[in-house]
2 protein chains.
Amino acid sequence: MTNATPATSRPRRRPALVALACLGVLAAHAHADEGMWMPSQLPQIAAQLREAGYAGDPASLADLTTAPLDAVVRAGGGTGAFVSGDGLVLTNHHVAFGVIQYNSTPERNLIDNGFIAGDRSGELAANPDFRVLVTVGFDRVTDQVLGAARGTSGRAYFDAVDAAGKRIVSECEREAGVRCSIANMYSGTDFYRIRQLELRDLRLVYAPPRAIGNFGDEIDNFMWPRHTGDFTLLRAYVGKDGKPAAHSPDNVPYQPPSHLQVASDGPREGDFAMLAGYPGITYRHRTAAEFAEQVEWTLPARVDVFDALIGVIEQAGRDNAQARTLYASQLQSLKNNRKRAAGELEGLRRSDAVRQRGADEVAMLQHVARDKRGDLQALDQVLAQASAMRERDQLLGLATAQTQLLRAALQLERLRIEAAKPDAQRESGYQARDLALVEGTLKQVQRRYDPQVEKALLRTLLRRHLALPAAQRVAEFDAAFGRTPAELETALDALYAGTALGDEAVRLALFAAAREGRPLQADPLLALAAQLVPAQMRLEDERKARDGELLRLRPAYMAELAAWRARQGRPLYPDANGTLRVSYGRLERLQPRDAVTYAPVTTVAGITQKHTGQAPFDAPSPLLEAIAKGDFGGTADPALGTQTVNFLTNLDTTGGNSGSPVLNARGELIGLNFDSNWEAVSASWWFDPRYKRAVHVDMRYMRWLMEKVYPAPHLLREMGL
Amino acid sequence: MTNATPATSRPRRRPALVALACLGVLAAHAHADEGMWMPSQLPQIAAQLREAGYAGDPASLADLTTAPLDAVVRAGGGTGAFVSGDGLVLTNHHVAFGVIQYNSTPERNLIDNGFIAGDRSGELAANPDFRVLVTVGFDRVTDQVLGAARGTSGRAYFDAVDAAGKRIVSECEREAGVRCSIANMYSGTDFYRIRQLELRDLRLVYAPPRAIGNFGDEIDNFMWPRHTGDFTLLRAYVGKDGKPAAHSPDNVPYQPPSHLQVASDGPREGDFAMLAGYPGITYRHRTAAEFAEQVEWTLPARVDVFDALIGVIEQAGRDNAQARTLYASQLQSLKNNRKRAAGELEGLRRSDAVRQRGADEVAMLQHVARDKRGDLQALDQVLAQASAMRERDQLLGLATAQTQLLRAALQLERLRIEAAKPDAQRESGYQARDLALVEGTLKQVQRRYDPQVEKALLRTLLRRHLALPAAQRVAEFDAAFGRTPAELETALDALYAGTALGDEAVRLALFAAAREGRPLQADPLLALAAQLVPAQMRLEDERKARDGELLRLRPAYMAELAAWRARQGRPLYPDANGTLRVSYGRLERLQPRDAVTYAPVTTVAGITQKHTGQAPFDAPSPLLEAIAKGDFGGTADPALGTQTVNFLTNLDTTGGNSGSPVLNARGELIGLNFDSNWEAVSASWWFDPRYKRAVHVDMRYMRWLMEKVYPAPHLLREMGL
């Protein structure tokens with residue numbers, strides 16, 4: 001892997017390489033700083049890490065269960081890090097938002113006002129379901145997982161892998177206070193057992209006001225330059241025996257095996273940076289055919305069908321104020337998803353990802369031995385089978401996801417069927433532990449349902465189903481909804497005129513019957529569900545068989561890709577899967593389009609500029625006054641002569657990296673990851689070094705806030721500052 | 001005046017001064033490059049001009065009736081310049097758009113396809129009302145204009161100035177082919193008689209397709225970085241005697257006394273640039289009280305009342321598709337004006353203009369001799385009188401401007417009254433030459449009127465009138481509309497239920513009667529107009545008396561300001577008034593907000609990036625192909641290695657500067673002004689060197705288009721290229 005620098009940036013290192021980049025020599029394979037590395041891979045790329053500026057020993061990063069990586073934890077839905085020996089956990093304000101909200105009341109509004117615990121007795125217990133997970137074991141279990149699967153295929157392969165994984169997890173979790181899981185690396189090539197301490201007693205220690213922690217909110221989300229203090233401090237507690245325990249006043253602060261030290265200075269453009277965290281999911285190593293489908297069909301089709309559904313809801317809302325209110329949230333969500341799909345499409349096109357991935361795969365295939373080609377062809381065939389039904393799968397998926405009453409009927413019927421099985425054998429989502437969620441969904445219907453809108457949404461989706469070729473149509477749907485638009489209309493009218501499911505009491509009575517596997521009372525929508533659920537289950541079985549084949553066949557592709565990358569001198573990192581990864585790179589400006597340059601560091605001047613007094617740009621008075629006063633002391637950037645707020649790197653991140661600690665060359669904490677840039681929304685598929693950036697809170701801003709604006713000197717002392 | 005350079009730009013000259021600027025030494029009075037200079041002032045600032053980089057003799061710019069300034073002409077509503085000895089006029093595509101539209105048909109769509117005249121016989125006649133004006137005389141006539149006015153005040157002063165001006169213009173225009181006007185410099189201090197050749201036979205020679213000439217349209221308007229080829233070439237023709245003449249096939253190309261030469265190279269960041277043109281109106285030298293009123297009342301009140309009217313129309317459109325259509329244009333216009341007012345307000349606040357202008361005036365007043373203070377106090381009083389009625393004037397103005405039927409009734413009644421007078425004594429807008437326009441307005445009503453919406457608009461405005469203190473209310477309006485919201489409602493219902501003015505035939509019949517001064521038939525809205533028009537005329541008289549006082553008193557203020565500026569070493573330029581002005585400065589980047597930098601030059605890469613295939617981002621295929629081919633030859637920028645499109649300077653411009661030629665240090669044509677930036681929308685009041693920029697077509701882009709994309713080698717030859 002080469003660390004090429006775009007011609008326009010101003011790196012502070014390696015001028016010789018920059019000169020080459022200026023000449024375009026490295027442009028063709030410029031995968032600079034791409035990579036979400038497993039810690040165990042870092043010794044392999046030690047030379048590059050050192051060349052990039054890392055001052056420590058790459059070997060010390062190899063084990064995620066020793067320092068410094070054991071200080072990096074899973075926190076809520078994101079990442080966090082221990083920053084003191086007494087269990088202080090630093091994460092994003094938005095990751096810990098549930099904790100803040102849980103402790104906030106109209107009288108004591110912690111969301112708006114922020115919170116500082118004066119001492120440990122003042123720390124506030126988090127919501128009981130908030131978790132911090134500390135990885136304590138990471139062991140390869142590939143042979144155990146695949147042992148029974150080898151030699152089988154399809155559904156049998158799927159079930160064997162699934163059963164082996166469940167068995168390993170179950171054994172592992174016999175130890176109290178430990179949560180285990182299986183991580184699939186390189187698409188079924190390797191499996192790891194992950195053991196994590198499950199810390200269950202978290203307490204709120206320090207949170208800035210919302211107008212700092214979420215300054216800019218949705219408007220600024222993805223929009224560098226940002227000016228947000230998106231951080232919060234929690235503290236983890238354990239029982240007196242040092243073991244994880246539920247909240248109790250008798251608990252004591254957890255003593256982590258190691259913690260990170262906040263740097264006493266800050267970074268500048270070009271400086272080395274490194275990040276560790278739990279990125280969720282990426283598709284970087286998908287096949288060329290999958291890339292092509294994503295750009296040529298999946299994303300455009302998503303935009304198209306979302307546009308149609310948005311049109312339906314907006315049209316309905318035009319003359320119906322009540323429908324407008326009921327569907328406001330669904331409309332917003334459709335618009336966000338539509339925007340994201342369009343952004344991803346735009347990004348993949350801008351990066352010419354399909355052509356580049358295609359050319360890369362063609363080159364790879366030239367090196368594949370003749371006897372290895374069978375599996376690759378078989379993989380192509382399974383993917384093609386799935387593609388052949390893509391329109392159907394999209395439409396039927398949306399018919400459930402975008403409706404309320406139809407979804408409720410299907411859920412009730414499925415619950416009735418699953419309830420007849422022993423709990424362990426039930427489909428996920430219908431086990432005993434899932435029922436509260438099902439009940440909640442059934443209750444929410446009232447706040448999100450209008451029969452005219454639901455019929456209009458279904459009409460749009462089912463007319464598209466009607467227009468599919470016969471091979472993609474589902475017989476049970478045809479039987480239930482008819483074969484012409486007129487028949488569809490009659491069917492919809494009859495269903496919604498006759499159903500009693502719009503009544504919450506009726507739904508809850510049905511839920512009570514279904515959870516016991518009892519027969520459900522007569523209702524047109526339930527009769528429909530009785531027709532459709534068997535079809536859904538049949539399609540589900542087909543999907544699982546296909547997933548089994550993909551699990552069996554993808555490793556062959558990954559092996560060839562790894563060999564090809566090795567030939568190119570580029571080690572292969574596995575696609576993100578929620579396990580701990582490390583990325584390295586540097587502070588780097590962004591040139592998103594012709595004549596526009598974004599500096600990699602923002603300052604408090606931007607807060608004053610953005611401030612309007614109206615949320616989300618309503619910086620609190622103490623902050624504005626402190627900025628005007630200009631008393632930044634030791635946290636000011638010496639070159640800029642002012643206080644920095646956020647900074648930008650070319651680190652490789654995706655969802656789940658929220659709250660990831662960003663370290664400097666000496667391994668000290670300089671930032672907290674919290675956002676990405678709009679131009680990089682397609683990075684889950686393709687890393688384009690021109691546009692991929694990650695956005696971090698500058699630790700100097702956190703220190704300044706805690707020193708001068710909302711002071712907490714005791715916490716700074718605890719962090720050694 | 002000091003030419004300080006903001007610390008962040010990269011000038012190519014005067015590093016010593018830049019270093020000072022970095023230290024903030026010049027920041028306090030950094031009016032770098034502010035100024036719309038009368039050519040006659042340029043010798044006064046010769047030292048600064050040379051220091052800024054001008055290589056020519058500033059004295060040669062002093063006379064706008066000799067070369068090179070006599071090549072700069074008024075073209076349509078903007079500016080243009082002669083670029084060949086045979087009368088080729090270069091101006092903006094948007095300035096010449098009417099000419100293109102006039103010659104465009106569905107079969108031969110010059111707007112979409114552009115146009116190249118193969119030879120002179122192929123040139124297409126412009127619409128007959130398109131004019132190019134060449135200034136041939138600029139003479140101070142202050143004594144003639146003010147002679148009769150001196151010693152009078154108020155309305156008498158106004159009438160004396162008005163009458164003297166009309167007499168001078170009338171005498172001047174005895175010469176055939178010449179149009180004359182009076183220019184008021186320094187707010188009534190000096191008056192100039194301007195003589196202009198009125199070229200009436202213009203022909204279309206070269207226009208790029210709309211998707212080049214107006215690439216980005218409203219979306220990119222004001223939004224640097226821009227990528228627009230906003231230029232068009234016309235040719236001026238005259239009679240065989242060389243005198244201006246109406247269009248005739250016998251006419252011959254006009255031979256201008258001089259023309260500009262397009263440069264063979266292009267500019268870089270920091271390079272000197274100079275611009276000449278006809279800026280429309282600025283308010284830079286208004287009093288501190290007027291600045292305060294603009295920011296504290298005028299602009300917020302404008303935003304507030306526009307928001308109310310926008311709300312009325314949007315609410316009405318929610319349930320009424322027809323109203324939505326009828327008011328679409330009015331709504332768009334309200335939104336544009338609202339956006340502009342909000343932008344101006346934001347800009348003036350960002351620049352802290354009220355405080356700065358206030359401090360400047362306080363400092364100035366310390367130097368005013370005791371015996372000169374009376375006039376300044378009197379001026380303050382007149383301004384205060386006008387302010388005392390500002391709410392009333394805003395509301396009544398909008399009641400006319402934002403309605404259709406009420407406006408029609410008031411126009412018909414006023415026309416009936418004016419028609420009884422000799423034409424010369426009629427109020428402007430009701431003279432014989434205005435009647436076609438009045439008739440057109442009366443016809444348009446049908447396409448823009450819905451009674452419910454008009455009543456709702458009037459309800460909003462008149463309720464605000466009702467809420468005014470008694471001193472601001474107009475008795476005739478109170479009598480007509482009542483004194484309570486309930487009475488207002490009854491009055492509106494009666495007026496709109498009973499009127500026949502919604503019928504076009506009725507309106508046109510009334511127009512026929514009114515233009516002959518005949519009595520108008522009975523109608524509730526006309527009865528209302530008979531009540532209100534006398535009130536309007538009374539308010540008009542009051543306004544003219546006040547305007548006379550302002551005309552009499554402002555010169556005292558301007559004299560003090562000039563003396564104060566002289567003490568500061570800064571010559572004073574007059575506010576823009578549609579006369580020829582010169583501005584100088586340099587190519588300069590823009591840093592609109594924290595961490596964002598816009599380069600001062602854009603390239604064709606930006607066209608490809610913005611291209612979506614949908615207007616206004618639908619770059620034509622020949623352009624996209626030529627960009628992809630990369631054959632830029634001699635027009636490429638040597639440093640950037642690609643084709644430039646637009647560039648950015650800190651030149652001082654305002655509306656009317658569209659089409660202004662931009663010259664380099666050697667006086668060669670390097671650009672064509674066509675836009676400004678959003679951050680500078682407040683520059684009509686306050687020049688902030690941090691944000692004020694002007695946007696130009698790079699002449700290299702025009703040359704490249706004419707060489708390689710839509711070739712016109714004969715025209716390039718004619719321009720000496």
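What counts and what doesn't
- Residues numbered from 1 in each chain as written.
- Chains lettered and ligands numbered in written order.
- Predicted model: local features only at pLDDT ≥ 70, side-chain atom pairs only at ≥ 80, totals over all residues.
- Heavy atoms only, no water.
- pLDDT = per-residue confidence, 0-100.
- Contact = heavy atoms within 4.5 Å.
- Buried < 20%, exposed > 50% of the residue type's maximum accessible area, 1.4 Å probe, protein only.
- Helix = DSSP H or I, 4+ residues; strand = E, 2+ residues; numbered from the N terminus.
- Pairing = 2+ DSSP bridges.
- Least-squares fit on C-alpha atoms with pLDDT ≥ 70 in both.
- Disulfide = S-S within 2.5 Å.
- Buried area = accessible area lost by both parts, 1.4 Å probe.
- Salt bridge = Lys/Arg side-chain N within 4 Å of Asp/Glu carboxyl O.
- Polar contact = N/O pair within 3.5 Å; in protein donor to acceptor, adjacent residues only side chain to side chain.
- Axes fitted to C-alpha atoms, helices over the stretch in contact; angles between N-to-C directions.
- Parallel < 35°, antiparallel > 145°, perpendicular 65-115°, else oblique.
- Left-handed = near helix turned anticlockwise from the far one by under 90°.
- Nonpolar A, V, L, I, M, F, W, Y, C, P; charged D, E, K, R; others polar.
- Expected span 1.5 Å × (residues − 1).
- Phe/Tyr/Trp six-rings, centres within 6.5 Å; stacked < 30°, edge-to-face > 60°.
- Arc of directions from axis to C-beta.

Interpretation of this model should avoid reading the predicted coordinates in detail wherever pLDDT is low. A residue-level look at chain A finds 96% of positions with pLDDT of 70 or above and a mean pLDDT of 93. Across residues 1–31 of chain A the pLDDT falls below 50, and counting only partners more than four positions away or on other chains, this stretch makes 61 contacts in the model.

Moving on: the pairing of strand S2 (residues 78–82) of chain A. Residues and elements named next belong to chain A. For S2, a buried count of five out of five residues is recorded, marking the element as mostly surrounded by other parts of the structure. Counted along the chain from strand S1 (residues 72–75) to the antiparallel partner S2, the turn is two residues long, and its residue glycine 76 has a positive phi close to 55°. The pairing of S2 with strand S3 (residues 88–91) spans two bridges and is antiparallel. Bridge pairing in S3 links phenylalanine 82 to valine 89. Linking S2 to S3, which pair antiparallel, is a turn of five residues; within it glycine 87 sits at a positive phi near 80°.

Here we take up the relation of the copies chain A and chain B. Superposition of chain A onto chain B requires a rotation of 180° combined with a translation of 0.0 Å along the rotation axis, giving an RMSD of 0.1 Å. In short, the pair behaves as if placed about a two-fold rotation axis. Considering only C-alpha atoms, the part of chain A nearest the rotation axis is Thr597(A), at 2.5 Å. Of the residues that chain A buries at the interface, 100% are likewise interface residues in chain B, meaning the two copies contact each other through the same surface.

What follows covers the state of the cysteines. All names here are of chain A. Tallying each qualifying case throughout the model produces two disulfides over all chains. Covalent S-S linkage joins cysteine 172 and cysteine 180, the inter-sulfur distance amounting to 1.9 Å. For the disulfide bridge between cysteine 172 and cysteine 180, the dihedral angle about the S-S bond is near -60°, and by the sign convention the bridge is left-handed. In this structure, cysteine 172 and cysteine 180 share a single accessibility class: buried.

Turning next to the interface of chain A and chain B. When the parts of a complex come together, some accessible area is lost, and that lost area is often taken as the interface size. The interface of chain A with chain B comprises 19 residues on the first partner and 19 residues on the second. Here chain A and chain B share an interface that buries about 1,400 Å² over both sides, 45% of which is from carbon and sulfur atoms. Sorting the residues of chain A by area buried against chain B places Asp594(A), Ala595(A) and Gln609(A) first, and these three jointly supply 39% of that buried surface. Inspection of the chain A/chain B interface yields zero salt bridges. Where chain A packs against chain B, one counts nine residue pairs in polar contact (both at pLDDT 80 or more). Listed by contribution, the elements that provide at least two residues to the side of chain A that touches chain B are strand S15 (596–598), strand S16 (601–603) and helix H22 (605–610) of chain A.

Residues and elements named next belong to chain A. The full count for this structure, using the stated rule, is 108 salt bridges over all chains. With a shortest N-O distance of 2.8 Å, arginine 414 and glutamate 540 are connected by a salt bridge. In this pair, arginine 414 sits in helix H15 (residues 405–418) while glutamate 540 sits in helix H21 (residues 524–567), placing the two residues 126 residues apart along the sequence. Assigned by exposure class, arginine 414 and glutamate 540 land together as buried. Between arginine 700 and aspartate 698 there is a salt bridge; the shortest N-O distance is 2.8 Å. There is no split in this pair, since arginine 700 and aspartate 698 are both buried. Here the salt bridges share partners, and the residues they tie into one network are Asp86, Arg120, Glu123, Arg235 and Glu718.

Packed helices, taken two at a time, are described by their axes: the angle between them and the distance between them. Residues and elements named next belong to chain A. Where helix H9 (residues 288–318) meets helix H17 (residues 451–466), the closest approach of the two axes is 9 Å, and the angle between their N-to-C directions is 150°. By the angle between their directions, the pair H9 and H17 is classed as roughly antiparallel. Considering how the two elements wind past one another, H9 and H17 form a crossing that is right-handed. Contacts from Asp304, Val305, Ala308, Leu309, Val312, Ile313 and Ala316 of H9 reach H17 at Val453, Ala456, Leu457, Thr460, Leu461 and Arg464. Taken together, the residues that form the contact of H9 with H17 break down as ten nonpolar, one polar and two charged.

Pro616(A) follows Ala615(A) through a cis peptide bond whose omega is 5°. With respect to the helices and strands, the residue Pro616(A) is situated in the loop between H22 and helix H23 (621–629). Residue Pro68(B) is bonded to the preceding Ala67(B) through a cis peptide linkage, with omega at 0°. Among the structural elements, Pro68(B) can be located in the loop between helix H2 (46–52) and strand S1 (72–75). With phi around 75°, Phe222(B) is a residue other than glycine that occupies positive phi space. Of note, Phe222(B) is situated in the loop between helix H8 (217–220) and strand S10 (232–238). Under the relative-accessibility criterion, Phe222(B) is labelled buried at 18%. For Asp352(B), which is not a glycine, the phi torsion comes out positive at approximately 55°. Of note, Asp352(B) is situated in the loop between helix H11 (328–350) and helix H12 (353–365).

Turning our eyes to something else, we now look at the pairing of strand S18 (residues 642–649) of chain A. Residue and element names in this part refer to chain A. Among the eight residues in S18, eight count as buried, and that is most of the element. Bridging between S16 and S18 involves two bridges; their strand directions are antiparallel. Opposite threonine 603, over in S18, you have threonine 644 as the bridge partner. Looking at chain direction, strand S17 (residues 636–637) and S18 are connected through two bridges and run antiparallel. Bridging from a neighbouring strand, alanine 636 pairs with glutamine 643 of S18. Following S17, the chain reverses through four residues before pairing antiparallel with S18; glycine 641 in that reversal takes a positive phi of roughly 70°.

Our next topic: the environment of Phe291(A). All names here are of chain A. Summarising the element assignment, phenylalanine 291 is placed in helix H9. Relative accessible area serves as the criterion here: at 1%, phenylalanine 291 is assigned to the buried category. In this structure, the C-alpha to C-alpha distance between phenylalanine 291 and arginine 210, residues 81 residues apart in sequence, is 39 Å. If we ignore the near neighbours within four places in the chain, the residues touching phenylalanine 291 are Tyr283, Arg284, Arg286, Ala353, Val354, Arg357, Trp685 and Trp686.

What follows is about helix H11 (residues 328–350) of chain A. All names here are of chain A. Between its terminal C-alpha atoms H11 stretches 32 Å, which fits the 33 Å expected from 23 residues at 1.5 Å a residue. Among the residues of H11, Gln330, Leu331, Leu334, Ala341, Gly343, Glu344, Leu345, Gly347 and Leu348 are the ones counted as buried. In this fold, the buried residues of H11 make contact with H9, helix H12 (353–365) and H17. After H11 finishes, the residue aspartate 352 shows a positive phi value of roughly 55°.

Taken in spatial order, the four strands make up an open sheet running S14(A)-S15(A)-S15(B)-S14(B), and their pairing is antiparallel. Looking along the sheet, the strands with just one partner apiece sit at the ends: strand S14 (590–593) of chain A together with strand S14 (590–593) of chain B. Direction aside, neighbouring strands of the sheet carry axes that sit 30° apart on average. Direction of pairing for S14(A) relative to S15(A): antiparallel, over a ladder of two bridges. Residue Leu590(A) lies in a different strand from S15(A), and its bridge partner there is Tyr598(A).

To continue, consider the side chain of Asp201(A). Residues and elements named next belong to chain A. Counting through the fold element by element, aspartate 201 comes out in strand S9 (residues 201–207). At 3.4 Å, the side chain of aspartate 201 forms a polar contact with the backbone nitrogen of serine 248. Setting aside residues no more than four positions away along its own chain, aspartate 201 makes contact with Arg235, Ala236, Tyr237, Ala245, Ala246, His247, Ser248 and Asn251.

Residues and elements named next belong to chain B. For the structure on display, the rule yields 27 aromatic pairs over all chains. Geometrically, the ring pair formed by phenylalanine 272 and tyrosine 584 is stacked, given 6.5 Å between the ring centres and 20° between the ring planes. Here phenylalanine 272 is found in strand S12 (residues 272–277), whereas its partner tyrosine 584 is found in strand S13 (residues 581–586), with 312 residues between them in sequence. Residue classification places phenylalanine 272 among the buried positions, given a relative accessible area of 2%.

This part covers helix H19 (residues 485–498) of chain A. Residues and elements named next belong to chain A. With 14 residues, H19 should cover 20 Å at 1.5 Å per step; its first-to-last C-alpha distance of 20 Å lies within 8% of that length. For H19, the complete set of buried residues consists of Leu488, Ala491, Leu492, Leu495 and Tyr496. With its buried residues spanning 115° around the axis, H19 presents them on a single face. Exposed residues pointing more than 90 degrees away from the buried face of H19 are listed as Ala486, Thr490, Ala494 and Ala497. Residues of H19 that are buried sit in contact with H15, H17, helix H18 (475–481) and H21.

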